[in-house]
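Spelled out, the chains give:
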Amino acid sequence: MGTKTKLLPLVLALAAIPAFAQTAELWRGPRVVIVGIDGLSVDGVKTANVPRLRGLMARAAWTLEARGVMPTLSSPNWASAIDGAAPEQHGITSNGWLRHMVEFQPICRGADGKFPTIFGLLRSAEPASKIAVFHDWRGFADLLEKQAPDVMRHENGPAKTTAAAIAYWKENRPALTFIHLDNVDHEGHAHGWYSPEYYKAVEAADGYLGQVLDMVDALSARESTFILVTSDHGGTNHGHGKNSLAEIQIPWILAGPGVAPGRIASLVNTFDTALTVAWIFHLDPPQCWIGRPVLTAFTPSLVAAHANLAAACTQNGPLTRAAFSGHTN
């Protein structure tokens, strides 16, 4: 009995697991769409009228007690979310306005000199995969490897950002997409984090999220697509960057195949985001990442099956991964 024949029972047993495969035209593994809503506070989720977010939470694993990193600024926190580490590791400690964004050297670097992110990790492991980043805030582009995404585009405003991301997704069905929306943070600074204008901005962001969810459903892609909604920080009064729970606590909401709906009982840090996405894609994270995948967000059967696949890959090498190349989800 050959190795492929021996692997057949494991392949059948893991038929529900998202796995890699790439043809010339179509990514045949899991897809991940991250919607990063800048400045979305826990209070904003609780107080604003957000029917699409609440509908997503009903089928998602979620927590409103995830924590960002210090300082509670956008660059350090979005960097931590996409690179699995804290400022102590990646070195990004500010937005670069009043002092250097990187105040000390990161503890490790990729080929382009940047601290490795989930985008670079996926690009290295699966060179033919499609990766897309659409950002409403120009500063987001400074946080990741420039060559990792197939497209990295800044659009003015959340409406254009969402529309551009949806148009690209319909055409290309990328493996990994990041959509950054900035309108909530703008209104927090302009009118205050507890103002009617702020809550209206949260409701508008909920509408943009709804457009993404509608697109995924219209394309019958829900069963193969993970949707992760999170933020970089909350706020108090007209700002953020200090040491309060209102600033450091953030929502973290994950829906998709094999996700266990309900409130996540374990602690979640923003640097766990990259590790969770890496786990979904069966990627080995760099040793300089300090986060961990949020395994309590998934069903025990999926976690066990994922571990079996990892063990099979370790035992049989590249042939094992090839044995899964025909699986679609």
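Residues numbered from 1 in each chain as written. Predicted model: local features only at pLDDT ≥ 70, side-chain atom pairs only at ≥ 80, totals over all residues. Heavy atoms only, no water.

Student: Summarise the overall build of the protein; cite the residues concerned and give the values.
Tutor: Of the regular secondary structure elements, the protein holds 13 helices and eight strands. Burial analysis of the protein (329 residues in total) assigns 57% to the buried set. In the protein, once contacts between residues fewer than 6 apart in sequence are set aside, the share between residues at least 24 apart is 71%. (Helix = DSSP H or I, 4+ residues; strand = E, 2+ residues; numbered from the N terminus. Buried < 20%, exposed > 50% of the residue type's maximum accessible area, 1.4 Å probe, protein only. Contact = heavy atoms within 4.5 Å.)

Student: Outline the pairing of strand β5 (residues 176-181), supporting the account with residue identities and numerical values.
Tutor: Counting buried positions along β5 gives six out of six residues, so the element sits mostly inside the fold. Side chains of β5 alternate between two faces, with L176, F178 and H180 and T177, I179 and L181 buried alike. Relative to β5, strand β3 (residues 131-135) runs parallel, the two being bridged by five bridges. Looking at β5, one finds that A132 is bridged to T177. (Pairing = 2+ DSSP bridges.)

Student: Hey, could you go over the packing of helix α3 (residues 51-58) against helix α9 (residues 196-218) for me, with residue numbers and the actual values?
Tutor: Between α3 and α9, the least distance of the axes is 7 Å, while the angle of their chain directions is 50 degrees. With respect to α9, the axis of α3 lies oblique. Contacts between α3 and α9 pair P51, R52, L53 and L56 from the former with D206, L209, G210, L213 and D214 from the latter. (Axes fitted to C-alpha atoms, helices over the stretch in contact; angles between N-to-C directions. Parallel < 35°, antiparallel > 145°, perpendicular 65-115°, else oblique.)

Student: Which residues make up the environment of L176, and what values go with them?
Tutor: Assignment of secondary structure puts L176 in strand β5. Residue L176 is classed as buried on the basis of its relative accessible area, which comes to 0%. For the pair L176 and V33, spaced 143 residues apart in sequence, the C-alpha to C-alpha distance is 6.0 Å. What L176 contacts, discounting residues up to four positions off in sequence, is V32, I34, I118, F119, L122, K130, I131, A132, V277 and F281.

Student: Please set out the pattern of salt bridges residue by residue, giving values where relevant.
Tutor: Applying the stated criterion across every chain, the model contains six salt bridges. One salt bridge connects D214 with R52, and the closest N-O pair in it is separated by 2.9 Å. Taken together, the residues span a long stretch of sequence, with D214 in helix α9 and R52 in helix α3 at a distance of 162 residues. Residue R52 is classed as partly exposed on the basis of its relative accessible area of 29%. Between D217 and R222 there is a salt bridge; the shortest N-O distance is 3.0 Å. (Salt bridge = Lys/Arg side-chain N within 4 Å of Asp/Glu carboxyl O.)

Student: So, helix α7 (residues 158-172): which residues are in play, and what are the values?
Tutor: With 15 residues, α7 should reach 21 Å at 1.5 Å per residue; the first-to-last C-alpha distance of 21 Å fits that figure. Regarding α7, the residues found buried are P158, T161, T162, A164, A165, I166, Y168 and W169. One or two steps after α7, the chain reaches R173, where phi turns positive at roughly 45 degrees. (Expected span 1.5 Å × (residues − 1).)

Student: Tell me about the nonpolar core, and please be specific about residues and values.
Tutor: Ranked by size, the top nonpolar core spans 50 residues in total, and within it I118, F119 and L176 carry the most contacts. At six residues, the largest contribution of residues to this core is made by helix α11 (residues 272-280). Apart from residues no more than four positions distant in its own chain, F119 is found in contact with I82, I131, V133, L144, E145, A148, L176 and F178. (Core = buried A, V, L, I, M, F, W, Y, C linked by side-chain atoms within 4.5 Å.)

Student: So what about the sheet that holds β3? Which residues, and what values?
Tutor: Across the sheet, eight strands lie side by side as β4-β3-β5-β1-β6-β7-β2-β8; this open sheet has mixed pairing. Sheet topology places β4 (151-154) and β8 (262-263) at the edges, where each strand pairs with a single neighbour. When β3 meets β4, the two strands line up parallel, connected through four bridges. Bridging across to β4, V133 finds its partner in M152. Along the sheet, α3 makes contact with β2 (60-67), β6 (225-230) and β7 (249-255), crossing β2 at roughly 110 degrees.

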